[in-house]
Amino acid sequence: MSTEQKTNNLPVAVALTGASGAVYGVRLLQCLSAAGAEVHVVLSDAARLVLKEEMNLISRDLADHSGIVIHKNGEIGACLASGSFVLRGTVICPCSSSSLGMIAQGVGETLIARMGAVALKERWPFVLVPRESPYSTPLLENMKLLSLYGATILPASPSFYRQPQTIEDLVDSVVDRVMVKLGYEAILPDWQGLDHSSKK
Ligand SMILES: Cc1cc2nc3c(=O)[nH]c(=O)nc-3n(C[C@H](O)[C@H](O)[C@H](O)COP(=O)(O)O)c2cc1C
């Protein structure tokens, strides 16, 4: 098996935290599962609240897709707490300002924060999807730090140039970018530029 094939078969870690936009995390899990990935998922307590409030779902519902393993955030002995459990990448989606700050400052008390610390030390693809408005100066500083440390700050900022018709289209415009960052096929068709769309 080539190194590329080995990397493509590695599991992915996804944390959902208590920022608004649980739908981004849920859709990401659907797409990863559809791509055949083994996905290790952790939800913070606040993420569980937001998931219920925004989507009327509980964490167990997320395991309905194949390949999904759910861990508790307090489970600091889980495989995800060690860099010896090699991953294709780590994603925090949606990412609260609080979790982002903890990871930027190197605090690893919860499994989610530890996942972030491990992703930084192992230097594998690490994508954080913050959702906040407006951004505070500490949040901006923490995002800058993480970017300098090699992580990708991929804000939950949907795009409109593909003329989205539904909320799902908007969500996919963010999730598509996360999938591509992890080295998966895009979930949206290639964008051919404004010239092309004006000729339609
Ligand atoms: C309904 C709801 C929406 C929230 N939206 C956001 C948000 O968009 N961004 C954010 O950073 N925090 C948001 N919060 C606050 C976080 O949930 C809170 O800071 C929490 O302590 C984060 O913990 P966690 O990082 O462990 O998930 C929201 C909380 C609730 C209840």
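Higher on the page you've got the structure.
All of these numbers come straight from a predicted model, not from anything done at the bench.

A. Up close: the overall build of the protein chain. Within the protein chain one finds 9 helices and 6 strands. Taken over the C-alpha atoms alone, the protein chain extends approximately 55 × 45 × 35 Å along its principal axes. By residue count, 43% of the 200 residues in the protein chain fall in the buried class. If you sum the accessible surface of the protein chain, you get close to 10,400 Å²; carbon and sulfur atoms cover 52% of it. Between the mean site of the 17 positive side-chain charges and the mean site of the 19 negative ones, the protein chain shows a separation of 4 Å.

B. Structural detail: the nonpolar core. Of all hydrophobic cores here, the largest spans 32 residues; its most connected members are Val 14, Leu 28 and Leu 32. Sorting the residues of this core by element identifies strand 1 (12-16), helix 2 (22-34), strand 2 (39-43), helix 3 (45-55), strand 4 (89-95), strand 5 (126-130) and helix 8 (167-181) as the ones contributing at least two each. The biggest single contributor to this core is helix 2, with 7 residues. Once residues lying within four places of it in the same chain are set aside, the contact partners of Leu 32 are Val 12, Val 14, Ala 37, Val 39, Met 179, Leu 182 and Tyr 184. Ala 15, Ile 103, Leu 111 and Val 118 belong to the second-largest nonpolar core, a separate cluster that totals 25 residues.

C. Quick look at the environment of Ser 59. Tracing the backbone through its elements, the reader meets Ser 59 in helix 4 (residues 59-62). For Ser 59, a relative accessible area of 16% puts it in the buried group. Sequence separation of Ser 59 and Ala 47 is 12 residues, and the distance between their C-alpha atoms is 9.0 Å. If near-sequence neighbours (up to four positions away) are discounted, Ser 59 is found in contact with Leu 43, Arg 48, Leu 51 and Ile 70. Polar contacts involving the side chain of Ser 59 include one to the side chain of Arg 48, which spans 2.7 Å.

D. Here's a closer look at a nonpolar patch on the surface. Taken together, the side chains of Tyr 161, Trp 191 and Leu 194 define a hydrophobic patch exposed on the protein surface, amounting to about 330 Å² of accessible area. Topologically, Trp 191 is positioned in the loop between helix 8 and helix 9 (194-198).

Calculation criteria
- Residues numbered from 1 in each chain as written.
- Predicted model: local features only at pLDDT ≥ 70, side-chain atom pairs only at ≥ 80, totals over all residues.
- Heavy atoms only, no water.
- Helix = DSSP H or I, 4+ residues; strand = E, 2+ residues; numbered from the N terminus.
- Buried < 20%, exposed > 50% of the residue type's maximum accessible area, 1.4 Å probe, protein only.
- Areas by Shrake-Rupley, 256 points an atom, 1.4 Å probe, with all protein chains shown as cover.
- Lys, Arg positive; Asp, Glu negative; His and termini not counted.
- Charge placed at Lys NZ, Arg CZ, Asp CG, Glu CD.
- Core = buried A, V, L, I, M, F, W, Y, C linked by side-chain atoms within 4.5 Å.
- Contact = heavy atoms within 4.5 Å.
- Polar contact = N/O pair within 3.5 Å; in protein donor to acceptor, adjacent residues only side chain to side chain.
- Patch = residues over 30% accessible without salt bridge, like charges linked within 9 Å, V, L, I, M, F, W, Y side chains within 5 Å.
- Salt bridge = Lys/Arg side-chain N within 4 Å of Asp/Glu carboxyl O.

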